[in-house]
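Remarks on the overall topology
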Amino acid sequence: MKGNLLLALMAVTSFSAAAQDYSTPIENCVKAAEAVKNNDAALLKPLVRDLNPEEEQAMTQYLAKGQL
């Protein structure tokens, strides 16, 4: 599951407006990896866009259980 989240985040960030500057997607991947490693939902929130409150709560619960 952790790999799937990181791949999804990498895909989202690589197609952003800054896709030609690879430093931004790489930074976001590092941030996502740290968030998962530290089970910190607050670090993931800026990276994951358009989450509804239920998805945000589920993400927080999965991180707390170490299941992402």
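Here, the structure is the one placed above.
Presented here is a report on the structure given in the accompanying data block.

With that settled, consider the overall build of the protein chain. Helices and strands together make up the secondary structure of the protein chain, namely four helices and zero strands. The secondary structure elements of the protein chain, listed N-terminal to C-terminal, are α-α-α-α. Across the 68 residues that make up the protein chain, the buried fraction comes to 24%. Of the contacts formed within the protein chain by residues at least 6 apart in sequence, a portion of 44% connects residues at least 24 apart. In the structure as shown, the protein chain presents an accessible area of about 4,800 Å², 57% of it carried by carbon and sulfur atoms.

On the secondary structure map, Pro-25 appears in helix α2 (residues 23-37). In this structure, the C-alpha to C-alpha distance between Pro-25 and Ala-11, residues 14 residues apart in sequence, is 8.7 Å.

Relative to the 21 Å expected for 15 residues at 1.5 Å per residue, α2 spans 21 Å between its end C-alpha atoms, a close match to the ideal helical length. After α2 finishes, the residue Asn-39 shows a positive phi value of roughly 50°.

Below, the discussion takes up a nonpolar patch on the surface. Together, Tyr-22, Ile-26 and Val-30 make up an exposed nonpolar region whose accessible area comes to about 350 Å². Along the polypeptide, Tyr-22 turns up in the loop between α1 (2-14) and α2. Residue Tyr-22 is classed as exposed on the basis of its relative accessible area, which comes to 58%.

What follows covers helix α4 (residues 53-65). An ideal rise of 1.5 Å per residue puts 18 Å on 13 residues; α4 measures up with 19 Å between its terminal C-alpha atoms. You can read the cap of α4 off the contacts: a side-chain oxygen lies 3.0 Å from the backbone nitrogen of Glu-54, and it is on Asn-52.

Grouped together as the largest cluster of nonpolar side chains are eleven residues: Leu-5, Leu-9, Ala-32, Ala-35, Val-36, Ala-41, Leu-44, Leu-47, Val-48, Met-59 and Leu-63. Elements that contribute at least two residues to this core include exactly α1, α2, α3 (41-44) and α4. Top element by residues in this core is α2. It accounts for three residues.

Cut-offs and rules
- Residues numbered from 1 in each chain as written.
- Predicted model: local features only at pLDDT ≥ 70, side-chain atom pairs only at ≥ 80, totals over all residues.
- Heavy atoms only, no water.
- Helix = DSSP H or I, 4+ residues; strand = E, 2+ residues; numbered from the N terminus.
- Buried < 20%, exposed > 50% of the residue type's maximum accessible area, 1.4 Å probe, protein only.
- Contact = heavy atoms within 4.5 Å.
- Areas by Shrake-Rupley, 256 points an atom, 1.4 Å probe, with all protein chains shown as cover.
- Expected span 1.5 Å × (residues − 1).
- Patch = residues over 30% accessible without salt bridge, like charges linked within 9 Å, V, L, I, M, F, W, Y side chains within 5 Å.
- Salt bridge = Lys/Arg side-chain N within 4 Å of Asp/Glu carboxyl O.
- Polar contact = N/O pair within 3.5 Å; in protein donor to acceptor, adjacent residues only side chain to side chain.
- Core = buried A, V, L, I, M, F, W, Y, C linked by side-chain atoms within 4.5 Å.

Limitation: the analysis is restricted to geometry and does not speak to function.
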